[in-house]
Amino acid sequence: MTTYTRDDTKLLFARLRETDDPGVREELTKLHLPLVEYLAKRFKDRGEPLDDLIQVGSVGLLKAIDRFDLGRGVEFSTYATPTIVGELKRYFRDKGWAVRVPRRLQELSLRLNKVVAQLTQELGRSPTVPEIAKYAGVSEEEVLEALESGQAYSTSSLDAPSTSEDDDSDLRVDRMGETDVALDNLEYFASLAPLIAELPERERTILYLRFFKGMTQSRIAEHVGISQMHVSRLLTRILDFLRSGMNGEAHY
Amino acid sequence: MTTPQIYLRVPANPGFVSLLRTTVGAFAAHEHYTLEQIDDLRMAAEEAAVQLLRRSTGDRLTLEMSADEQQMQVRLTVSVTPGGPVIDPESFSWTILQALADDLDLHDGRGSSSVTLSKHRTVGAEFVA
């Protein structure tokens, strides 16, 4: 195993931002795997195989790698730790409804996420399964399997980095002003109001835009700054929550 | 040109909803529907099935699907005892189904109720027979 040094990390990040080379990304991942392992071990007494926890933590690591800003002057490990821990915590939180998904499928889902975004842009519409399969060089069956597993797996673990990197967070809060309108519309359904109030703002907005404004998933994705596949997972999850909530069961 | 038709009968039990969902998604994918349409159809089928099962008095739920050049149709049917619509047009469920389907039809017959959803084919995603 490569020894972990801070200078290597900085150098690699500089190269990654410049070239977007997947090899560099992989190297960074490898370099910080010990950090993931260390953090995953903290959760090892909760009855989940350590291997799985490391896998979950790695998703957090990938997110952190994609979002890390060298200019901030923070050590990467400092930056990545809360993201990795957050991913692990979410994993346990989601356990109640999530199905264990083989690593192979998780990785494929992660890849397809990007393929879908690319194809959507090229075609100017959502792609079909054969189109995705051809582009990604896998079978249609595998695409379907990965899509299904994406639905079952933790909602944001497979999240792609925001399509608009420079997106100002203030701006995004502004957009959420729509939530008030959304609430008015949704509260028409009296039985749902308390449940909808429990949803995070982003989820409320997505719910409103899809079902009341008839906006497509791709447009919502653009609007909210997440991938279309993530919107899809969130919608499924929101509906699940509302259904189980109406039976007096779940928490979002 | 043949128009493919699928018929599936499952126990009227919520445990089979995910099977319906998957089947609808696989058929839509097979028919070259786009990812978003597949998703809409899956979500709609799930919502319709959940609602139908709440009122079902029989022991089976049937799923019928067909596709042609223009559209794909999904129909879910259960047995019910007559009285009131199975899905209230004022309900949130109905709102969801309307957003997800291009056409939506609720049929309360004697002893059975069905929901029919259809989705129009996207231009550019071609028909395969």
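Since this is a predicted model, take the numbers as computed values, not measurements.

1. A few points about the overall build of chain A
Working step 1: Secondary structure summary: chain A contains 13 helices and zero strands in total.
Working step 2: From first element to last, N terminus to C terminus, chain A shows the α and β order α-α-α-α-α-α-α-α-α-α-α-α-α.
Working step 3: A buried classification covers 35% of the 252 residues belonging to chain A.
Working step 4: Intrachain contacts of chain A at a sequence separation of at least 6 include 62% that bridge at least 24 residues.

2. What about the packing of helix H11 (residues 201-211) of chain A against helix H12 (residues 217-224) of chain A?
Helices that pack against each other are described as a pair by the angle of their axes relative to one another and the distance between those axes.
Residue and element names in this part refer to chain A.
Working step 1: Across the interface, H11 lies against H12 with an axial gap of 10 Å and an inter-helix angle of 145°. Between H11 and H12 lies a crossing whose hand is right-handed. Here H11 contributes Arg202, Thr205, Ile206, Leu209 and Arg210 to the contact with H12, which in turn contributes Ile220, His223 and Val224.
Working step 2: When its residues are assigned to classes, the contact of H11 with H12 shows four nonpolar, two polar and two charged.

3. Digging into the sheet that holds strand E2 (residues 60-67) of chain B
Residues and elements named next belong to chain B.
Working step 1: With antiparallel pairing, the five strands of this open sheet are ordered in space as E1-E2-E3-E5-E4. Edge positions in the open sheet fall to strand E1 (5-11) and strand E4 (103-108), since each of these has one partner strand only. Strand-to-strand, the axes of this sheet are offset by a mean angle of 15°, without reference to chain direction.
Working step 2: Judged from the six bridges that link them, E4 and strand E5 (residues 112-120) form a sheet pairing that is antiparallel. Residue pairing across strands places Leu106 opposite Val115, the latter belonging to E5.
Working step 3: Against the sheet, helix H2 (residues 35-55) makes contact with E2, strand E3 (71-79) and E5, and its axis sits at roughly 170° relative to E5, the strand it touches most.

4. As for the interface of chain B and chain A
Working step 1: Tallying the contact residues gives 19 residues for chain B and 24 residues for chain A.
Working step 2: Of all elements in the fold, only helix H1 (17-30), H2 and helix H3 (92-100) of chain B reach the threshold of two or more residues within the side of chain B that touches chain A.
Working step 3: Ranked by residues supplied to the side of chain B that touches chain A, first place goes to H2(B) with six residues.
Working step 4: Taken together, the residues of the side of chain B that touches chain A break down into ten nonpolar, six polar and three charged.

5. Section: the nonpolar core
Working step 1: In terms of nonpolar packing, the biggest core is built from 65 residues, with B:Ala44, B:Ala45, B:Ala48 and B:Leu76 touching the most fellow members.
Working step 2: Counting residues per element, this core draws most heavily on H2(B), which supplies nine residues.
Working step 3: Here B:Leu76 is in contact with B:Ala45, B:Ala48, B:Ala49, B:Leu52, B:Leu61, B:Leu63, B:Ser114 and B:Val115, once residues within four sequence places are set aside.
Working step 4: Counting residues in each nonpolar core, the second largest holds 19 residues, with A:Leu53, A:Leu61, A:Phe68 and A:Leu88 among its members.

6. Thoughts on the confidence of the model for chain B
Residues and elements named next belong to chain B.
Working step 1: Confidence along chain B averages 90 in pLDDT terms, with 94% of residues attaining 70 or more.
Working step 2: Within chain B, the lowest mean pLDDT, 91, falls on H3, and the highest, 97, falls on E2.
Working step 3: Across the whole predicted complex the pTM is 0.65, and at the interface the ipTM reaches 0.85.

7. Focus: H2(B)
Working step 1: The end-to-end C-alpha distance of H2(B), which contains 21 residues, comes to 31 Å, matching closely the 30 Å that a straight helix rising 1.5 Å per residue would cover.
Working step 2: Most of H2(B) sits out of view: 17 of its 21 residues are buried.

8. Examining the packing of H2(B) against H3(B)
Residue and element names in this part refer to chain B.
Working step 1: Following both chains from N to C, one finds H2 and H3 inclined at 150°, their axes separated by 9 Å at the closest point. With respect to their mutual orientation, H2 and H3 come out roughly antiparallel. Crossing hand, H2 versus H3: left-handed. The residues of H3 that touch H2, namely those facing Asp40, Met43, Ala44, Glu47, Ala48 and Gln51, are Ser93, Ile96, Leu97 and Leu100.
Working step 2: The residue inventory of the contact of H2 with H3, partitioned by class, reads six nonpolar, two polar and two charged.

Rules of the game
- Residues numbered from 1 in each chain as written.
- Chains lettered and ligands numbered in written order.
- Predicted model: local features only at pLDDT ≥ 70, side-chain atom pairs only at ≥ 80, totals over all residues.
- Helix = DSSP H or I, 4+ residues; strand = E, 2+ residues; numbered from the N terminus.
- Buried ≥ 20, exposed ≤ 12 C-beta atoms within 10 Å, placed from the backbone.
- Contact = placed C-beta atoms within 7 Å.
- Axes fitted to C-alpha atoms, helices over the stretch in contact; angles between N-to-C directions.
- Left-handed = near helix turned anticlockwise from the far one by under 90°.
- Nonpolar A, V, L, I, M, F, W, Y, C, P; charged D, E, K, R; others polar.
- Pairing = 2+ DSSP bridges.
- Core = buried A, V, L, I, M, F, W, Y, C linked by C-beta atoms within 7 Å.
- pLDDT = per-residue confidence, 0-100.
- Expected span 1.5 Å × (residues − 1).
- Parallel < 35°, antiparallel > 145°, perpendicular 65-115°, else oblique.

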